[in-house]
Amino acid sequence: MLDWDALEKTCHSCQNCALGETRTNVVFGTGDRNAKVMFIGEGPGEQEDLRGEPFVGRAGQLLDEMLAAIGLSRRQVYIANIVKCRPPNNRDPLNIEQDACIGYLRNQVYLIKPKIIVCLGRIAAMKIIRADYKITQEHGLFEKRGETLLTATFHPAFVLRDPRKRPDAFMDMCAIEDQLE
Ligand code: URA
């Protein structure tokens, strides 16, 4: 495993998959490198690609609200994605792209050693928790892996498209707060 400096440097010059050719910026991850909670999305969108920071578009505003609901700001958690470069037209990242990129995330998890990993949406949950993860049935539940608790909630972009999912997403945040206490 690499230290933060080496990891960030390697990631910023990565050409392990074709997304490296179309990205504007690598979106490495932001927040507290000693955070107790780590949030993992699927991949950068347009705004994130332009700014080089995760969850800065509309979905990011909702993520900020979800964090605020349990008294957290994005500076107190760590936020990253399964793939660090934007998939063109915001399509789902391909398995080959996820596999090319997942080593960076594993290294980040190794360095942060979060108490809780929260997958945002089914793509992240299927990669991190289980390939057959069912987000509608299993969101908000916790399972232990080693010293870490794994959970998932709905992706904020999905909640924006279907506001009926909002109460569930906020209840999942409360469950995370309970686990932190
Ligand atoms: N959606 C994601 O999954 N990640 C981001 O960084 C932004 C939107």
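Keep in mind that what you see is a predicted model, and the values were worked out from it rather than measured.

Participant: What's the story with the site of the ligand in this structure? I'm lost.
Facilitator: The local shell around the ligand consists of Gly-41, Glu-42, Gly-43, Glu-48, Pro-54, Phe-55, Asn-81 and His-155. Contacts to the ligand include Gly-43, whose backbone N or O atom sits 3.0 Å from a nitrogen atom. Side-chain polar atom of Asn-81 to a nitrogen atom of the ligand: 2.8 Å apart, as the coordinates give it. Alone, the ligand offers 240 Å² of accessible surface; in the complex the protein occludes 92% of this. Here the shell around the ligand is composed, by residue class, of two nonpolar, four polar and two charged.

Participant: Can you help me understand the pattern of salt bridges in this one?
Facilitator: A side chain of one charge can pair with a side chain of the opposite charge when the charged atoms of the two come close. What the rule picks out here adds up to ten salt bridges. Where Arg-130 meets Asp-132, a salt bridge forms, and the shortest distance between an N and an O atom there is 3.3 Å. Taking relative accessible area as the criterion, Arg-130 reaches 29% and is therefore assigned partly exposed. Residue Asp-132 is classed as partly exposed on the basis of its relative accessible area of 46%. With its nearest N and O atoms 2.7 Å apart, the salt bridge here joins Arg-130 to Glu-138. Classification of Glu-138 by relative accessible area gives buried; the value is 18%. Salt bridges linked by common partners bring Arg-130, Asp-132, Glu-138 and Glu-143 together as one network.

Participant: How should the sheet that holds strand β3 (residues 78-81) be read in this particular structure?
Facilitator: On the basis of which strands lie adjacent, the open sheet formed by six strands has the order β1-β3-β2-β4-β6-β5 and mixed pairing. A single partner strand is all that each edge strand has here, and the edge strands are β1 (30-31) and β5 (143-145). Two elements, strand β2 (residues 37-41) and strand β4 (residues 116-120), share four bridges in a ladder whose sense is parallel. Bridging across to β4, Met-38 finds its partner in Ile-117. Strand contacts of helix α9 (residues 166-180): β2, β4 and β6 (148-153), with the helix running at about 165° to β6, the strand carrying the most contacts.

What counts, and at which threshold
- Residues numbered from 1 in each chain as written.
- Predicted model: local features only at pLDDT ≥ 70, side-chain atom pairs only at ≥ 80, totals over all residues.
- Heavy atoms only, no water.
- Near = heavy atom within 4 Å.
- Polar contact = N/O pair within 3.5 Å; in protein donor to acceptor, adjacent residues only side chain to side chain.
- Areas by Shrake-Rupley, 256 points an atom, 1.4 Å probe, with all protein chains shown as cover.
- Nonpolar A, V, L, I, M, F, W, Y, C, P; charged D, E, K, R; others polar.
- Salt bridge = Lys/Arg side-chain N within 4 Å of Asp/Glu carboxyl O.
- Buried < 20%, exposed > 50% of the residue type's maximum accessible area, 1.4 Å probe, protein only.
- Pairing = 2+ DSSP bridges.
- Helix = DSSP H or I, 4+ residues; strand = E, 2+ residues; numbered from the N terminus.
- Contact = heavy atoms within 4.5 Å.
- Axes fitted to C-alpha atoms, helices over the stretch in contact; angles between N-to-C directions.

By themselves, these figures tell us nothing about what the structure is for.
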